[in-house]
Amino acid sequence: MREPAIAVRDVVKTYGEGAAAVHALRSVSLEVWPGEVVLLMGPSGSGKTTLLSVMGCILRPTSGSVRIAGREASAMPESDLPAVRLEHIGFVFQGFNLFPTLTAGENVELALDLKGIRGAQAQRRAEALLAQVGLADKVRAFPSDLSGGQKQRVAIARALAMEPKVMLFDEPTSALDPELIGEVVKVMEDLANDGMTMLVVTHEMSFARDAADRVIFMEGGVFVEEGRPDDIFTAPRDPRTQQFLQRYLK
């Protein structure tokens, strides 16, 4: 039986208690299938990053189910979750989180070390991954010598080193200057075209139109609307989606 790559059902995430409680997710359910590219959009504070973190086993839900490749991750002890992330999930976030004293190649090799790949084999693999993201000539460059777009591409190569089943992107271009966004989006589009399963939080409309299979709008910790990109962007049904797109696309 075919299983979703990642699935959440009736997930609730609440911070705090009583009158001060913040309800980040309110009974959210989502299945992401192998090879599917799902885009999460919505205003700041709508729950996008929280959902991404729950689905990546970084945050535990207050209640509800999280299944990774058919396994119930929400019931696992905390000590088992790093292995699940290592085996299944690659993360790319707003911040590049590169080690400044290591070269681009060494930053990628560090991830390979977690997979038990070391020495000359790790070096060759790191070089191949950096070439995959267009940085074959930057293997020995330090982060301080790289542009923001190049740093983010190193971060993508490092995530790919884990051989993830699913890639999770949390606004990977939001910290970049406008002229650098395209190079990161191109790498993401290439991954999508190669069949990588991806859950992406971004407002980059070119990526949404060209690469996403499904777009989901969130607001207030719930799904407002979902569908194919062309349908959502040309004829949104929900007034909240319409208002968001009108503000964002101005």
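Presented here is a report on the structure given in the accompanying data block. (Residues numbered from 1 in each chain as written. Predicted model: local features only at pLDDT ≥ 70, side-chain atom pairs only at ≥ 80, totals over all residues. Heavy atoms only, no water.)

## Remarks on the pattern of salt bridges
Side-chain pairing between opposite charges can occur once the charged atoms of the two side chains come close.
Then step 1. Under the defined criterion, the tally for this structure stands at eleven salt bridges.
Then step 2. With a closest N to O distance of 3.0 Å, R214 and E226 form a salt bridge. Linking R214 in strand 9 (residues 214-219) with E226 in strand 10 (residues 222-227), this pair joins segments that are twelve residues apart in sequence.
Then step 3. Take R214: its relative accessible area is 15%, and that puts it in the buried class.
Then step 4. Because the salt bridges share partners, they merge into one network encompassing E36, R214 and E226. (Salt bridge = Lys/Arg side-chain N within 4 Å of Asp/Glu carboxyl O. Helix = DSSP H or I, 4+ residues; strand = E, 2+ residues; numbered from the N terminus. Buried < 20%, exposed > 50% of the residue type's maximum accessible area, 1.4 Å probe, protein only.)

## Topic: the packing of aromatic side chains
Then step 1. Across all of its chains, the model carries two aromatic pairs by this definition.
Then step 2. Consider the rings of F91 and F93, whose centres lie 5.5 Å apart with planes at 20°: the pair is stacked.
Then step 3. Centre to centre, the rings of F217 and F244 are 5.5 Å apart; their planes meet at 70°, and the pair counts as edge-to-face. Placement of F217 in strand 9 and of F244 in helix 9 (residues 239-248) is noted, with a sequence separation of 27 residues between them. Of the two residues, F217 and F244, neither departs from the other in class, the shared state being buried. (Phe/Tyr/Trp six-rings, centres within 6.5 Å; stacked < 30°, edge-to-face > 60°.)

## Section: the nonpolar core
Where a protein is soluble and globular, its nonpolar side chains tend to be buried together.
Then step 1. I156, M167 and M198 are the most contacted members of the largest nonpolar core, which totals 53 residues.
Then step 2. Among the elements that line this core, the one with the most residues is helix 6 (residues 178-193), at eight residues.
Then step 3. Judged by nonpolar contacts, the second largest core, of 28 residues, contains L30, V38, V66 and M218. (Core = buried A, V, L, I, M, F, W, Y, C linked by side-chain atoms within 4.5 Å.)

## Examining the packing of helix 5 (residues 148-160) against helix 6
Then step 1. The geometry of helix 5 relative to helix 6 is characterised by a closest axis approach of 8 Å and an angle of 20° between their N-to-C directions. In terms of orientation, helix 5 lies roughly parallel with respect to helix 6. Crossing hand, helix 5 versus helix 6: right-handed. On the side of helix 5, the interface is formed by G148, G149, Q150, Q152, R153, I156 and L160, while helix 6 contributes L180, E183, V184, V187, M188 and L191. (Axes fitted to C-alpha atoms, helices over the stretch in contact; angles between N-to-C directions. Parallel < 35°, antiparallel > 145°, perpendicular 65-115°, else oblique. Left-handed = near helix turned anticlockwise from the far one by under 90°. Contact = heavy atoms within 4.5 Å.)

## Observations regarding helix 5
Then step 1. Counted at 1.5 Å a residue, the expected span for helix 5 with its 13 residues is 18 Å, and the 18 Å between its end C-alpha atoms agrees.
Then step 2. Across the 13 residues of helix 5, twelve count as buried, placing the element largely inside the fold.
Then step 3. Here helix 5 has its buried residues at G148, G149, Q150, Q152, R153, V154, A155, I156, A157, R158, A159 and L160.
Then step 4. Where helix 5 is buried, its residues contact strand 6 (89-92), helix 3 (104-114), helix 4 (119-132), strand 7 (166-170) and helix 6. (Expected span 1.5 Å × (residues − 1).)

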